[in-house]
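# Analysis of the macromolecular model
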2 protein chains.
Amino acid sequence: MQRSWLPISSDSDFSLENIPFGIFRSAADPSPRTATRIGDTVVDLARLAEQGLFDSVPGFDRSALSGPVLNAFIALGKSVTGAVRRRIQELFREECPDLRDAADLRGRACLPADRAEMLLPIEIGDYTDFYSSREHATNVGTMFRDPANALLPNWLHLPVGYHGRASSIVVSGTPLHRPYGQTEPTPETNGRPGFGPSRQVDFELEMAFVIGRSTELGGRISVDRAEEHIFGMMVFNDWSARDLQKWEYVPLGPFLAKNFGSSVSPWIVTLEALEPFRTEGPRQADPEPLPYLQGPAKSTFDIALEVDIRPENAPATTVCRSNFRYLYWSMAQQLAHHTINGCNVRVGDLMASGTISGPTADSYGSMLELAWKGTRPVPMADGTERRFILDRDTVTMRAFAQKDGLRVGFGEVTCQILPALPQ
Amino acid sequence: MQRSWLPISSDSDFSLENIPFGIFRSAADPSPRTATRIGDTVVDLARLAEQGLFDSVPGFDRSALSGPVLNAFIALGKSVTGAVRRRIQELFREECPDLRDAADLRGRACLPADRAEMLLPIEIGDYTDFYSSREHATNVGTMFRDPANALLPNWLHLPVGYHGRASSIVVSGTPLHRPYGQTEPTPETNGRPGFGPSRQVDFELEMAFVIGRSTELGGRISVDRAEEHIFGMMVFNDWSARDLQKWEYVPLGPFLAKNFGSSVSPWIVTLEALEPFRTEGPRQADPEPLPYLQGPAKSTFDIALEVDIRPENAPATTVCRSNFRYLYWSMAQQLAHHTINGCNVRVGDLMASGTISGPTADSYGSMLELAWKGTRPVPMADGTERRFILDRDTVTMRAFAQKDGLRVGFGEVTCQILPALPQ
């Protein structure tokens, strides 16, 4: 563990080994600027850049850190962003006097985290959502189709994915209103579709990655080199309205059930910071994937995931503990598949994993699975129970990697569901 | 018909009543700039703006016409863009001397169309594709499911739509490579998925509209006011690889079968220009749509559509003649539905109609339907036949509205399919 002249508690997500990137503003300066976080301190990287503290990095460009999003910085490439990250680690290391002893600059660049408002860190061109958890796909198939044939025929051969809505992705802390929509006709509705606020608002515990290197249309990304195109990762809540989804999704997939909003954590944790937590994903032998999907064994990361639900004015209940490494298809496989047809990707594109469910009933990544289609209500600490998310509930997801005293975390993505807006 | 001091042939798509907007560059000035087209002349609007020719328009901002995309101009709002359009009509009217007699400016601003390279005119935030032709959905349902129940239960109650890929939308004239991908396992492939270049590359004849006014997340657009949010329209070819689609699309919809590329015409024709061609769409009485989808009767436009296939070094064959007014769901209904859940839209978003098939076999908007799943090959002028699109075929779509001597057209979207790039 590297020690800093800034205080960092041992259980902080934001150790000196992390150095994530984000965008913040403050009451004192409302223009969105680039930042990192160390312990409980948000560090204004635009200020440090203005003072020339990164000018020693070959290929660095001060304007790339001026905001209002990280795209220009990410587009500099990993050799530059990685060197900037290491330079930040150096600047905050205990023995480094450059910033430690520059009281004025330190005062202008370092800010308590609770005084920084975190913003959406990237301009997202396209957003793709995958469906890469075998446990999740099996649970859904068991509930809605046939337990004996829960997985559809294509599932073990390719990372199923679909396009989502970029405009409605919001940063952690932004509340969302329960969506209106059509639902399946029932005897109650005289065979006409139902219409009104969704009664089955659900979270989906996911992680997302940010494209760090663009490709041209027609180009492909090989599974072996896919991580060169991934800048970093975030925690992602792919909000879903199950009743709207059930009625609308054939034959072209989910639409209004998803695009009323998706929530993302504010800090992008780089793949470099996650390297100590690299591990193997599930074995893929039966069937073996096609050659273009066969990559290195250690293709994933051991990242613990948790979901809390907090009713208004009541304590939170942790309803799910899962892990990123449960995913069957790796990020590299997702990206190789996404581009095998020549589809281009652009810096800032976001690709989410799909719901990350684990093998046990307390590791399922959605209320649909945790309450098993409403048949097993989830008990809450305040004595109530949940089948889906109720108005004014706040859902918080956390992600962190921890090993041998080293911790690299993502912070959290939190979002309150507000009542539907009247028509 | 308004007469211009510029020559405009009577069959030109670009009459003085049209005044579409686009982005071009030329060998003489390679920076992308805003333009309109009148007859065979491309008019550099950035040059006219620099000379103050639009300063009389309240709310106009010269920088909005400087390019490299139309988003800033469109964001000025219809009161401004409409007034700019009318001012352009005035400037080019026979009796108006302002530009007619200013030889130097005229020389710098007016360019033969064949010397202008047209570019993608907007930065597309999100792209949505609908599925709004009853005839197309019925044909597909008849071929792949049950002729007696060709339409899925939701189809007559809501405009089915799904999200597409914005990054791979290209302007007319950009060739695309045949995509690779996985296909359904067959006895030939020993029960494993097939893999290689798609054998079923198809066009889809569509029109697309461009969002002209943004909404906030949580906001809704009412069906009565939806057209206030639509800037204009384009012709759109939603390329599809049917064999990839068949294997990948359950349960979350088409993905790699679509996102290898979509082609769009370069000129955005405004709703104002299309107003003389406004007409009623198909009757929606059985069932009646829910109230949020009930809008004005005259909700569509009479726009003739044509598709040509041209093999390399051979004459073109017109394989389809259809009309925009065949669509069951109007653009206003599509937009009201898209936002009923609070999903936000942004200036520059693109929404496509879905394949526009008509009632007769020569009006089907895809090869899948024209050749009826390969069972009725389409004869070509050079003596060959087509079930799907072959390498080096060029597909061209045209759209125009014509009535009482008035013509407002879209020009064309053309694209050649090149052989698959080797892996």
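As shown above, the structure is provided for reference.
Keep in mind that this is a model prediction, so the values were computed, not measured.

On to the overall build of chain A, then. Within chain A, the regular secondary structure consists of 10 helices and 26 strands. A globule of 423 residues ought to have a C-alpha radius of gyration of about 22 Å, and chain A, at 22 Å, matches this closely. Taking the principal axes of its C-alpha atoms as reference, chain A extends roughly 75 × 55 × 40 Å. Counting all 423 residues of chain A, 63% fall into the buried class. Partitioning the contacts of chain A with sequence separation of at least 6, the portion at a separation of at least 24 is 71%. When the accessible surface of chain A is summed, it comes to about 15,400 Å², and 48% of that surface belongs to carbon and sulfur atoms. Taking the average location of the 42 positive side-chain charges in chain A and that of its 52 negative ones, the two points are 1 Å from each other.

To continue, consider the interface of chain A and chain B. Interfaces are frequently sized by the accessible area removed from exposure as the parts join. Of the residues lining the interface, 63 residues belong to chain A; the matching set on chain B comes to 63 residues. Contact with chain B buries surface across chain A, with A:Arg165, A:Leu252 and A:Phe255 losing the most and accounting together for 14% of the total. Of the charged contacts, one joins A:Arg165 and B:Asp349 as a salt bridge, the two residues approaching to 2.6 Å between their closest N and O atoms. Those elements that provide at least two residues to the side of chain A that touches chain B are β6 (127-130), β7 (161-164), β10 (180-183), β11 (194-197), α7 (242-248) and α9 (331-339) of chain A. Among the elements that take part in the side of chain A that touches chain B, β7(A) stands out by supplying 4 residues, more than any other. For the side of chain A that touches chain B, the class distribution of residues is 35 nonpolar, 19 polar and 9 charged.

The end-to-end C-alpha separation of helix α3 (residues 78-92) of chain B is 21 Å, in line with the 21 Å expected for 15 residues at 1.5 Å each. When you tally the buried positions in α3(B), you get 11 out of 15 residues, the bulk of the element.

Okay, the side chain of A:Asp308 next. Its place among the elements puts A:Asp308 in strand β20 (residues 304-310). Contacts of A:Asp308, omitting those with residues within four sequence positions, involve A:Ala316, A:Thr317, A:Thr318, A:Thr394, A:Val395, A:Thr396 and A:Arg398.

Residues and elements named next belong to chain A. A sheet is described by the order of its strands in space; here 5 strands give the open sequence β4-β3-β2-β1-β5, paired in antiparallel fashion. Looking at which strands have only one partner, the edges of the open sheet turn out to be β4 (110-112) and β5 (117-119). Between one strand axis and the next, the sheet turns through 45 degrees on average, direction left out of account. Note: strand β2 (residues 33-38) against strand β3 (residues 41-44), 4 bridges, orientation antiparallel. Residue pairing for β3: Arg-37 is matched across the bridge by Val-42.

Under the fitted operation, chain A is carried onto chain B by 0.0 Å of movement along the axis and a turn of 180 degrees, and the coordinates agree to an RMSD of 0.0 Å. Within this description, the copies of the chain are treated as partners about a two-fold rotation axis. Nearest to the rotation axis, the C-alpha of A:Gly253 is located 2.2 Å from it, this being the minimum over chain A. When you check the interface residues of chain A against chain B, 100% turn up at the interface there too, and the contact is symmetric in its surfaces.

Residue and element names in this part refer to chain A. The tally for this structure, following the rule as stated, stands at 26 aromatic pairs over all chains. Here Phe-21 and Phe-73 contribute two aromatic rings whose centre-to-centre distance is 4.9 Å and whose plane-to-plane angle is 50 degrees, an arrangement assigned as tilted. One end of the pair, Phe-21, is in the segment before β1 (22-25); the other, Phe-73, is in helix α2 (residues 71-74), with 52 residues separating them in the sequence. Taken as a pair, Phe-21 and Phe-73 share a single burial class, namely buried. Between Trp-155 and Tyr-328 the ring centres are 5.5 Å apart and the planes differ by 50 degrees, which places this aromatic pair in the tilted class. Placement of the pair is Trp-155 in the loop between α6 (134-144) and β7 and Tyr-328 in the loop between β21 (317-323) and α9, with a sequence separation of 173 residues.

Each value, and the rule that gives it
- Residues numbered from 1 in each chain as written.
- Chains lettered and ligands numbered in written order.
- Predicted model: local features only at pLDDT ≥ 70, side-chain atom pairs only at ≥ 80, totals over all residues.
- Heavy atoms only, no water.
- Helix = DSSP H or I, 4+ residues; strand = E, 2+ residues; numbered from the N terminus.
- Rg over C-alpha atoms; globule rule 2.2 N^0.38 Å.
- Buried < 20%, exposed > 50% of the residue type's maximum accessible area, 1.4 Å probe, protein only.
- Contact = heavy atoms within 4.5 Å.
- Areas by Shrake-Rupley, 256 points an atom, 1.4 Å probe, with all protein chains shown as cover.
- Lys, Arg positive; Asp, Glu negative; His and termini not counted.
- Charge placed at Lys NZ, Arg CZ, Asp CG, Glu CD.
- Buried area = accessible area lost by both parts, 1.4 Å probe.
- Salt bridge = Lys/Arg side-chain N within 4 Å of Asp/Glu carboxyl O.
- Nonpolar A, V, L, I, M, F, W, Y, C, P; charged D, E, K, R; others polar.
- Expected span 1.5 Å × (residues − 1).
- Pairing = 2+ DSSP bridges.
- Axes fitted to C-alpha atoms, helices over the stretch in contact; angles between N-to-C directions.
- Least-squares fit on C-alpha atoms with pLDDT ≥ 70 in both.
- Phe/Tyr/Trp six-rings, centres within 6.5 Å; stacked < 30°, edge-to-face > 60°.

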